[in-house]
Structures are given as C-alpha cells and as structure tokens.
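Listed below, chain by chain, are the residues.
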Amino acid sequence: MSDIVEKTLTALPGLFLQNQSASGPAAAKASFSSRLGGLVRGITALTSKHEEEKLIQQELSNLKATVSAPTTTLKMMKECMVRLIYCEMLGYDASFGYIHAIKLAQQGNLLEKRVGYLAVSLFLHESHELLLLLVNTVVKDLQSTNLVEVCMALTIVSQIFPREMIPAVLPLIEDKLQHSKEIIRRKAVLALYKFYLIAPNQVQHIHIKFRKALCDRDVGVMAASLHIYLRMIKENSSAYKDLTGSFVTILKQVVGGKLPADFNYHSVPAPWLQIQLLRILGLLGKDDQRTSELMYDVLDESLRRAELNHNVTYAILFECVHTVYSIYPKSELLEKAAKCIGKFVLSPKINLKYLGLKALTYVIQQDPTLALQHQMTIIECLDHPDPIIKRETLELLYRITNAQNITVIVQKMLEYLHQSKEEYIIVNLVGKIAELAEKYAPDNAWFIQTMNAVFSVGGDVMHPDIPNNFLRLLAEGFDDETENQQLRLYAVQSYFTLLDVENVFYPQRFLQVMSWVLGEYSYLLDKETPEEVITKLYKLLRSDSISSETKAWIIAAVTKLTPQAHSSNIVERLIQEFTTSLDTCLRQHAFELKHLHENVKFMKGLLPVDKSCEDMVVDASLSFLDGFVAEELSQGAAPYKPHHQRQEEKLSQEKVLSFEPYGLSFSSSGFSGRQSPAGISLGSDISGNSTETGLKETNSLKLEGIKKLWGKEGYLPKKESKTGDETEALPVPQENIIMENVDQIITKNDQSQALTQSKEEKEKQLLASSLFVGLGSESTINLITEQPGCCLPVIEAESTQNFQYSVQMEKPFTEGNLSGFINYQVMDTHSVQLEFSVNLSLLDFIRPLKISTEDFGKLWLSFANDVKQNVKMSESQAALPSTLKALQQELRLHVVDIIGNEGLLACQLLPSIPCLLHFRVHGDMLALWFRSSCSTLPDYLLYQCQKVRAWIDPQVPVPIPCFHPGLTRAFKAECFVSVFLSSRCKKHGKSGGDLVSKDSESPDHLCIVYPKTQS
C-alpha cells in the first residue's frame, strides 16, 4: 500500500508543473520527488510506532518553518501542502497548515488553486471556523469564466460548506443549472443535493428546476438528479407520483440499452442507474395500485434482461425483487421474483446465497410460503461455516417467529450467541431474543430462564432498555393477578438459587436485576426468610468483583427487606461498614438505611410490600433547592449546564482528524468478563511461544502458521492437525452441498454413511417442522382426543331419549372430528351398530357476545393481541347491511353498534375468551381490525371473514389459512352436542335410514335417525 501512495504522490509534480519551462520543472520535480519519496520510504522502513512518530514530528517541524517563512513562494507552498496532506492522512495534527491551505486556494494560479482546494476539503469539516474565510473565494470562482475554476468551486461546495453561508452562493448555483457545459450542470445538481441534506428548507423553492434536471439531455445530469429525488420521495412519496411515468420511461431506455456505452459496466447498461430507479419506483408504487400498474411492464423487462452472469446483475435482480414485493402485488411478477429468490438461495456461491436470504427476510411478511419452499436450505444455512450466512439465517427466523416455534428459534439464537465474540452481534441478538421472549413466551418458567440466559451472555454490553423493560414487566404484570404472582415467584426462586452457586461470575446488570427482584418480591417465598435473603445479598455485597453501582442496588434491596426481617445483626454490620466508605453514593445509601432503621414502624410505612407500581408525587423542578441555588449563585458559583451542553463543549474541544495509533494489543484488560483471557482465541494457529514471536523480527509480517480463511470461493474453513504444524481441509458434509439440479440422485457405496445421512435428514426434517410451523395450511391439526362413551337405558318403541355430550377443546384447532357409534338390538334377534361422524371447527365454539358500546371500548383498550387486514369487496358486498348480515350469520357475531360507515361486533370463544371486531367500509374496501386476549383467535376469525367474502362472491378465491394453533396460556372451551335417538327426527322430518348431520340453524343439534323398530 505504501508503494502505491509513494507512486501516486510522486506523480503529482508532473501535473502541478506541466505548464512550467523545460529546465525548471525537472529540478523542482526531482527535489519534490526526493523529499516526498524519501518521507514515504523512511516511514515504510521503520519498525515501531515510536520511530514513526519521531520522524513525522521532525517533518512537521520543518514544514511549519517553511510555510511560515515570508520567502516561501506559492510553488513551494503547493509542494508543502502535499506533504502536509500525507502527514494528516497518517493521523498526525497538521493544523498549523490549515490557514495556508485557504490562502493557497485564494491567491494561487490554476494549478495551485487545485492543491489548495484539495487540502481544504481534506483538512476542514463543515462546522470549522476557518471555512468562513473561503466563502468569498468560492463566490468569486463561481462567477469566473474559467470552467476549471467553476468546477473547483462547485466541488468544494458539494463537499464542505457552512450551512449559514448557503444563501450567499445559492443564486449562483441555480444559474449554473442553465450552463451550456454538462459537467457544470452536473456539479451544480450535486451541490444542491448537498444543500438539501444539510438545509432542506432553503432549496424547497427550486423543485421545478430539479424536474428540468431530471429531463436534461445529458445522462450525467439526469443521474445526478436521481439522488435528490430518491431522498425527497423517501420523505413524501405522494407529492411526486406524477413523475412515475418519467421514471418508468427513463428505466425503459436504460434497460433497452439506449444510453451511451460509457455508462455500461461489463456489458450491463448503467447498473447503478437501474438500481436508483428501481428504488424510486418501489417507493412510489407502495400501496398504490394505479401507480404500480404503470411499472409492471418495465419491471418484467428488467427481470428478464438481468441474466445471472455477473455480480452487478445480481444486485439489479435483488432490487427488482425488492421493488416487486414493495409495490401493489401482481401474481405474474411475484412468481418470477420468487424464482429469482429460489435461484439465489440454492446457489453454491456464498454471496448469492446471502442475497437470497436477504431477499427472503424482506418478503417473508408478504409471502410466508416462500420460507416453506426453501425450509431445508434454511436449515442447512444454520450450520453454514460462514458466520454471515448464519447471522442472516437467524434474522430470517426472527421474522417468522410465532407462538409455536418460539422455543426452537430462541434456542438457535442462544447457541449462536454463545459462539459469538463480536460486541455488535451480541447487542443485536440479545435485543431480539428479549423482544421475542416478551411477545411469545409459552410459560413463566421458559420466560425467566430465557431472560437469565440473555442477561448472562449479553453481559454489560446489552442495551439498558432490556433489563429495564424486564423489571417493568415484572412490576406491572398482566390482567391476571394469579399469573403475575406465579411469574414473580418463579423469578425470585430462580435468582435465589443462582446466588447459591459458588465461583460463578455474573454481569453487573444481571446482578442489579437479581437485587431488585429479591428486594421487591422475596416475601413470596414460603421456606426462605428475609434474613436468609439479606445474608446472601450481604455476601454478594462484599465481593471484590462488584461495581459501586451494583453495590448501590444491593443496599437498596437490603433496605426494602429490612422492615420484613426480625433480626438486624447483618443490617447493622452493613451500616457500620459502609457509613465509612470512600464512595459517596454508597455512604449516602448506608446513612439513609441507618436513619430509617432507627424507626422500624416508620420504615414499614415508607417501604410497604409490593408497592413498586404505585404513583408517587415527585417535585421534578426541585423547587425546595431554589434558595440554596440562589445563595450559591450570589457567591459566584458557576450556573448549571445541562448534559447535552456539556457534551457539545467537550466535543468542540477535541482535535479534528486525531486518529488512534494503529497496532495490535493483546492485553487481557480489553476483554469482557464473560470469558477469561486464557480462553480467548485470536483466530490464528500460531505455534510456539507467542511472546517470543511478537518480540523477534517485528519489521516484517510473519505468516507461518496462520489459517487461510478466505479464498476465491469465499470462506474456507480449516482445521488444525494433530502436530499443530499442518492444516487440512475439513470434509464438506454432503447435506450442505446444494446442487443446481435438485433432482440429481447421489449414490453411496458405504452403507453406514447412507444410514448416517438418513438420520441427519430426519433430524433436519424434524427441526424444519418445528421452525416453520404456523406459516401455511400445514399448520391445521386435529386436537380433539377420544372421550369415554355414554350408556343409555332401554327405551320403548316410538319413544325418544336424548342426552348431551360435552366436547372440550384444550388447545385451538382449525378442524376436528367427533365420531362414535351406537349399539341397539332389534326385537331380541340381533345387535345393530350405528356409526356416526361429524366434523367440528373452531367456529363451532364461537358464540355471540352481547355487550354495550361502553364495555366494548373498555375491553378494546385492555387487549394487546390484534390483527388488521384490508379486504376488497365486489359492488354487491359494498353495502353495509349486506356485510353485517353475512358476518352475523356466518360467524355468529353480535352487532354492538353502528356509527356511520363503521361497525362494532363482538363474540366469544367458549367458555369466556372474548374477541372484538371493528370494521369500516370505504368504497370497495373493508378494513377489519380484530382484538382479543387470545393471541391466535384474531388470526382465525380473520381467515373466516375472508371465507365469508369468498362465499358471497364465488369469483374470489379462498385464502390460505393463517391461523396459528398455539397459545401463551392454556384454556378450555366446550360446546354441547345434543344427540336425539328417535325413529323419526321431528326437526328434519326424515326416517328409515342412517342420517348424521349437524344442523346449520342449530349447530348444537346432532341428529341420528335409525329404523323404526323396537330398540
């Protein structure tokens, strides 16, 4: 790299001195080249950072003396600027040359101006105070007739320019949009784009000129304007929908190869321009059918022309897929996009597989069946050797998590979390695991155990909101107080047990969570007394590995437990020890505990049991300190500064471009407390004494024994041999090889390997059935179990006997079957067995819920599980009465109230699980919004509403069921099936044969008709 820099900087004099005389430039070039080249070569030959600093400081001293000398010419100043740029690039402070760079841009000729502008753009930032000195120079150069000077001014404006000075140059840049040279127009558009980023309100009035730039005859100007439009459309897409035709026309010309060949990349027409246009179209067509119809043809053409032959076409295909799933859907385009995703996912190339997983992650919410089509490939990606593939697969699983597969997915995330050492990955994953656990936890025990794992692995690098949300969830609880107490009791028991384990290190935030929970809810323990809890907390308090902040949490927990304890020996010992602590915060907590402990009765009233969520009156303004503050200010004390103001002052005092020195540090102090330094792997297999290796011959890189992890084919996993000196490639598991022809049969001679593979395939299929449950119609299961029979007494002929049979539903299901048989004897001759069978669905357990509008509002606010869906209706369905009648008859919903074009309906799942529906008719659209205390009931009712819509309008296809049969808590619902045994059914009017039916008008009526004989 140093050779490249040396050659680049050595070549600069040829550019700077190209207009000089024949004799002068040779000597100047040699002198300049020797100085800069000698500096670069000298730095390259150094063996330590200390020697480099010494050499650079000496060079900076010489440069400072040179640029400050009055005899220094502008040509010498130009040469010094290049050396200053090189020193600044290495991270050393060259601020003494900033003002000279500005002077060079102001006073020099054309070549010297270029170096001055270059140095200013690299040295200064937008808020630098010296930048104001350059404004007049920029204004003068913008008015110049020299195209090079105008280009330099526009370039510096588009890179760094103070926000306050934009009005001074904005009219001049607007005029440059009409310039005859396309390079000036293009740079003017980029400058306006910069202004839009830093001060959008100041360029709102020139949107018409942006539209002219979009239709500019030069492709470069048009391409530059796309940056501005992409930014503005992201903020407000509705204001630019009239430009959809223009963007579509441009994309058609680009895809058709109408642009100059200079814009092609490996025979692909303007790929980056295509990507920009596809992103813009995706934003414009979102949830807009009319706008989306304009772009269907060009998207189809883009998918067809972007063949899989180069990396850049993969990027275009990815953006096409993203756009197709962003706009209003069209079935043909969705099928083609799904095929592209399938090619990506099944590709053996790692980059394409990553693109496929990325696309699947995005489209999984719109089309969950795509994940089902590639479920085995996703399972194999979980064990892929490339960590990026693993991470993206976990992101995909995170998107498809529901109440049924939560345990399996969280387990996979925790396994990856234990293997990861990168802080970013840890912070990201623990946040997702905590979110999923709070949303889909199947039971209290699993939730507490999962959060314990999150706190243990996440350590102190996790976001502080995670433990705070966990504690708030414990404190606020749910609607069921019994369940709240069980959750808190399990948490207390879990943490009490964890404190019993010896020689185990817990992160500080985990210990803070333990302290708070034990302090608040230890009264729930039956066997353990408050004294035992205080003893454990005091033992933890005396540990050397506990931080001062955690000790404050522990003392606060002891303070809450003290009123409940009968013995106070440990409390007094704690007070005696920490009232003399050097830590001000701990000493204050100890004195508070001491004074409260002197009056136990007052302490019990001040710290009642389980009152953490009660409202407290807090004086946020601290008005009781006004007198003290006024007195101190009168005596000359400094006024208080808010935290953000202190932070800004601190940042303003820091040096610009002061980078950390490069180098490797192997000290153990930088590692987190989750693992001892002895267990840290540095990612290389260096044999022998690592200390000696690091001390000897540090002037060159030693690559012996280093793993080769990357090659042309991507990530190359290696394993260390037994001797430690040689490495051999791991055999690639057969199940991880994705063949292009999925129908190819691989034959094996070794019978044991075939059996092993078969076993692994079964395990993968079992894992897939656990991960992808609830994503399609395959989730329909039969959960009605066999029940004991009933015995009826002997009855006379022509008489009727009936009984009721109770069917209980332990878990939600979509379809079930109730079957049985009846034995009867005819005239003491032979026995006859009559079998019956009837299909039951969850809809059979739904009943109307008659409540008032006021009760509807209260229940609506108390439910957290909701589902929304917009359903398109035909003209015959658009009338509100017909929609109400259909929902009321088919779903047994009770109409609570009708307000204009909106309606409120309610029902309940037996015995007492309510579900509320708010719907609104707008044109030919029906907006449905379900809410219930049961997480799966809204999904099922939404599916039934779609079936009702299809029943009314036969042209509408029935959607795939989206019901997920899983529950956070178990419940029972039951319905009664009445069985009438009679020679003639009075209700149906049938006789003389075997008839089993479930009456549509009375769904509880099951009729069995048998021959009219003695029984």
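Quick caveat, the model's predicted, so the values are computed rather than measured. (Residues numbered from 1 in each chain as written. Predicted model: local features only at pLDDT ≥ 70, side-chain atom pairs only at ≥ 80, totals over all residues. Heavy atoms only, no water.)

Visitor: Could you clarify how one ought to interpret the overall build of the protein chain in this entry?
Guide: Along its length, the protein chain carries 39 helices and 18 strands. By residue count, 43% of the 1015 residues in the protein chain fall in the buried class. Counting only contacts in the protein chain whose residues sit at least 6 apart along the sequence, the fraction spanning at least 24 positions is 66%. When the accessible surface of the protein chain is summed, it comes to about 55,800 Å², and 52% of that surface belongs to carbon and sulfur atoms. (Helix = DSSP H or I, 4+ residues; strand = E, 2+ residues; numbered from the N terminus. Buried < 20%, exposed > 50% of the residue type's maximum accessible area, 1.4 Å probe, protein only. Contact = heavy atoms within 4.5 Å. Areas by Shrake-Rupley, 256 points an atom, 1.4 Å probe, with all protein chains shown as cover.)

Visitor: Got a minute to help me understand helix α16 (residues 311–326) in this structure?
Guide: Working note: α-helix, 3.6 residues per turn, so residues spaced by three or four point in the same direction. In this model α16 runs 23 Å from its N-terminal to its C-terminal C-alpha over 16 residues, within 8% of the 22 Å that 1.5 Å per residue would give. Within α16, 13 of the 16 residues are buried, which leaves the element mostly enclosed by the surrounding structure. (Expected span 1.5 Å × (residues − 1).)

Visitor: Is there a simple way to think about the confidence of the model for the protein chain in this case?
Guide: Low pLDDT marks regions whose predicted coordinates should not be analysed in detail. For the protein chain, mean pLDDT is 74; residues scoring 70 or higher make up 71% of the total. The model gives residues 655–659 a pLDDT under 50, and that stretch makes ten contacts with residues more than four places away or in other chains. (pLDDT = per-residue confidence, 0-100.)

Visitor: Help me out: how do you make sense of the pairing of strand β12 (residues 894–899) in this one?
Guide: Consecutive residues of a regular strand have side chains that alternate between opposite faces of the sheet. As defined by bridge partners, β12 adjoins strand β13 (residues 902–909) across five bridges and the pair is classed as antiparallel. Its bridge partner being in β13, aspartate 897 is matched across the sheet by leucine 904. Turn length for the β12-β13 hairpin, with the two strands adjacent in sequence and antiparallel, is two residues, and the turn residue glycine 900 shows positive phi of about 65 degrees. (Pairing = 2+ DSSP bridges.)

Visitor: Help me understand the environment of serine 237, please; the structure alone is not making it clear to me.
Guide: Note that serine 237 resides in the loop between α12 (219–235) and α13 (244–255). A relative accessible area of 23% means that serine 237 is categorised as partly exposed. Sequence separation of serine 237 and isoleucine 280 is 43 residues, and the distance between their C-alpha atoms is 9.1 Å. The contact partners of serine 237, leaving out residues within four places of it in the chain, are Leu283 and Leu284.

Visitor: Please clarify how the packing of helix α23 (residues 423–440) against helix α24 (residues 444–458) should be interpreted in this entry.
Guide: Contact pair α23 / α24: the axes reach a minimum separation of 10 Å and the direction vectors enclose 170 degrees. Between α23 and α24, the angle is such that the two are roughly antiparallel. Across the interface between the two elements, Ile426, Val430, Ile433, Ala434, Ala437 and Glu438 from α23 touch Trp446, Phe447, Thr450, Met451, Val454, Val457 and Gly458 from α24. (Axes fitted to C-alpha atoms, helices over the stretch in contact; angles between N-to-C directions. Parallel < 35°, antiparallel > 145°, perpendicular 65-115°, else oblique.)

Visitor: Where do I start with the pattern of salt bridges in this structure?
Guide: Pairing of side chains with opposite charge becomes possible as their charged atoms draw close. As enumerated under the stated definition, the model contains 21 salt bridges in all. Here aspartate 216 ties to arginine 185 by a salt bridge, and the two come within 3.0 Å at their closest N and O atoms. Placement of aspartate 216 in the loop between α11 (207–214) and α12 and of arginine 185 in helix α10 (residues 182–198) is noted, with a sequence separation of 31 residues between them. Judged by its relative accessible area of 3%, arginine 185 is buried. The shortest N-O distance in the salt bridge between lysine 241 and aspartate 288 comes to 3.3 Å. Remark: aspartate 288 occurs in the loop between α14 (271–284) and α15 (289–305) and lysine 241 occurs in the loop between α12 and α13; sequence separation between them is 47 residues. Look at aspartate 288 and you get buried, because its relative accessible area is 18%. (Salt bridge = Lys/Arg side-chain N within 4 Å of Asp/Glu carboxyl O.)

Visitor: What am I meant to see in the packing of aromatic side chains here?
Guide: Aromatic ring pairs: the centre-centre distance and the angle between the two ring planes describe each pair. One pass over the full model with this rule turns up 14 aromatic pairs. Both rings, one in tyrosine 495 and one in phenylalanine 510, keep their centres 5.9 Å apart while their planes meet at 80 degrees; by these two values the pair is edge-to-face. Of this pair, tyrosine 495 sits in helix α26 (residues 481–498) while phenylalanine 510 sits in helix α27 (residues 508–521), placing them 15 residues apart in sequence. Judged by its relative accessible area of 1%, phenylalanine 510 falls in the buried class. Pairwise contacts between aromatic rings join Phe447, Phe455, Phe470, Tyr495, Tyr506 and Phe510 into one cluster. The ring centre of tyrosine 398 lies 5.1 Å from the NZ or CZ of lysine 432, which sits over that ring. (Phe/Tyr/Trp six-rings, centres within 6.5 Å; stacked < 30°, edge-to-face > 60°. Lys NZ or Arg CZ within 6 Å of the ring centre and 35° of its normal.)

Visitor: Where do I start with the side chain of lysine 176 in this structure?
Guide: As for its position among the elements, lysine 176 is in helix α9 (residues 166–176). Summary of buried charges: lysine 176 has no salt-bridge partner, and the nearest side chain of opposite charge, aspartate 175, is 5.9 Å away. With near-sequence residues (within four places) excluded, lysine 176 lies in contact with Leu142, Val150, Ile184, Arg185 and Ala188. (Lys, Arg positive; Asp, Glu negative; His and termini not counted.)

Visitor: Explanation requested: the side chain of glutamate 59 in the structure shown.
Guide: With respect to the secondary-structure elements, glutamate 59 resides in helix α3 (residues 49–68). The residues contacting glutamate 59, other than those within four sequence positions of it, are Leu39, Arg83 and Cys87.

Visitor: What is the right way to read unusual backbone geometry from this model?
Guide: In terms of backbone geometry, most residues other than glycine have negative phi values and most peptide bonds are trans. Not every positive phi belongs to a glycine, and histidine 266 is a case in point at roughly 55 degrees. Following the sequence through the fold, histidine 266 ends up in the loop between β1 (264–265) and β2 (268–269). Even without a glycine there, the phi angle at alanine 270 is positive, about 40 degrees. One can find alanine 270 in the loop between β2 and α14.

Visitor: Even after reading the chapter, I still don't get the pairing of β13, so can you show me in this structure?
Guide: The element β13 is extensively covered by neighbouring structure, given that seven of its eight residues are classed as buried. Taken together, the three bridges between strand β10 (residues 846–848) and β13 define a ladder with antiparallel strand orientation. Residue isoleucine 846 lies in a different strand from β13, and its bridge partner there is leucine 909. Pairing of β13 with strand β14 (residues 913–922) involves eight bridges; the strand directions are antiparallel. Residue pairing for β14: leucine 904 is matched across the bridge by histidine 918.

Visitor: What is the right way to look at a nonpolar patch on the surface in this model?
Guide: A surface patch of nonpolar side chains, about 570 Å² in accessible area, is lined by Leu622, Phe624, Leu625, Phe628, Val629 and Leu633. One can find valine 629 in helix α33 (residues 626–634). (Patch = residues over 30% accessible without salt bridge, like charges linked within 9 Å, V, L, I, M, F, W, Y side chains within 5 Å.)

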